[in-house]
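Close look at the chain arrangement
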Amino acid sequence: MSDGEDAAKIKELWGRIEGYEHDPDDPNFLSEQTLRRYLLSRDWDVSAAKKQIKDTLEWRRETKPQHVVCAFCQTTPGGHAMRKVGFDKSGRPVIYTQCCTQHQPVDSAIQHQVYLLETPCGLQNMALTASYGSLTSKE
């Protein structure tokens, strides 16, 4: 898709989501970069991207990911099996998780994942590495 076609799709999507309520406490989420990311994830299907954005805005209003703090991290720093470990050669944040080694409440694990995945806001890519080395058929 050419840059002109990209711009036309983004403009069309802006028009279709005009009037969508977003959380005034989350003013930077709806941006041209966000719309481009959603269009890419839906193979440039404007209707599908519109639905995904609508669903995301609803989730963001309810969850307020920009304010999520992992309570478990406050009491047990480094206690999760999922963490940022640096950046790859392309400058993307690298998230590493060692599955089946997490022994904290589910709510805490969800808070931690939302925090890690929402923190690099504005980025289009990140590298996620998962180790399943300790997983057995009994677990």
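How each quantity is defined
Residues numbered from 1 in each chain as written. Predicted model: local features only at pLDDT ≥ 70, side-chain atom pairs only at ≥ 80, totals over all residues. Heavy atoms only, no water. Phe/Tyr/Trp six-rings, centres within 6.5 Å; stacked < 30°, edge-to-face > 60°. Buried < 20%, exposed > 50% of the residue type's maximum accessible area, 1.4 Å probe, protein only. Pairing = 2+ DSSP bridges. Helix = DSSP H or I, 4+ residues; strand = E, 2+ residues; numbered from the N terminus. Axes fitted to C-alpha atoms, helices over the stretch in contact; angles between N-to-C directions. Contact = heavy atoms within 4.5 Å. pLDDT = per-residue confidence, 0-100. Salt bridge = Lys/Arg side-chain N within 4 Å of Asp/Glu carboxyl O.

**Let's talk about the packing of aromatic side chains**
For the structure shown, the criterion picks out one aromatic pair. Between F29 and Y38, the ring centres sit 6.2 Å apart and the planes meet at 85°, which makes this aromatic pair edge-to-face. We classify Y38 as buried; its relative accessible area is 9%.

**A short note on the pairing of strand β1 (residues 82-87)**
The pairing of β1 with strand β2 (residues 93-98) spans five bridges and is classified as antiparallel. When the sheet's bridge partners are listed, K84 is paired in β2 with I95. In this structure, the hairpin formed by β1 and β2 is closed by a connection of five residues, where G91 is found at a positive phi of approximately 85°.

**Observations regarding the pairing of β2**
Judged from the five bridges that link them, β2 and strand β3 (residues 127-131) form a sheet pairing that is parallel. Paired with Y96 across the bridge in β3 is T129.

**A closer look at the sheet that holds β3**
Here we have three strands laid out as an open sheet, ordered β1-β2-β3, and mixed in their pairing. Two strands in the sheet have a free side with no partner beyond their single neighbour: β1 and β3. Here the strands of the sheet are splayed against their neighbours by 25° on average, with no regard to which way each runs. Where helix α5 (residues 106-118) meets the sheet, it contacts β1 and β2, and its direction lies at approximately 20° from that of β1.

**Remarks on the side chain of D26**
Mapped onto the elements of the fold, D26 is located in the loop between α1 (3-17) and α2 (32-41). Discounting chain neighbours no more than four positions away, the residues touching D26 are R60 and Q66.

**Focus on the confidence of the model for the chain**
Residue-level pLDDT values for the chain average 81, and 86% of them are 70 or greater. Across the chain, element-level confidence peaks in helix α3 (residues 46-63) with a mean pLDDT of 93 and bottoms out in β3 with 74.

**Observations concerning the pattern of salt bridges**
Side chains that carry opposite charge are capable of pairing whenever their charged atoms lie near each other. In this structure the tally under the stated criterion is six salt bridges. Among the ionic pairs, D26 bridges to R60, the shortest N-O distance being 2.6 Å. With D26 in the loop between α1 and α2 and R60 in helix α3, the pair connects residues that are 34 residues apart, well separated along the chain. Residue R60 is classed as buried on the basis of its relative accessible area of 4%.

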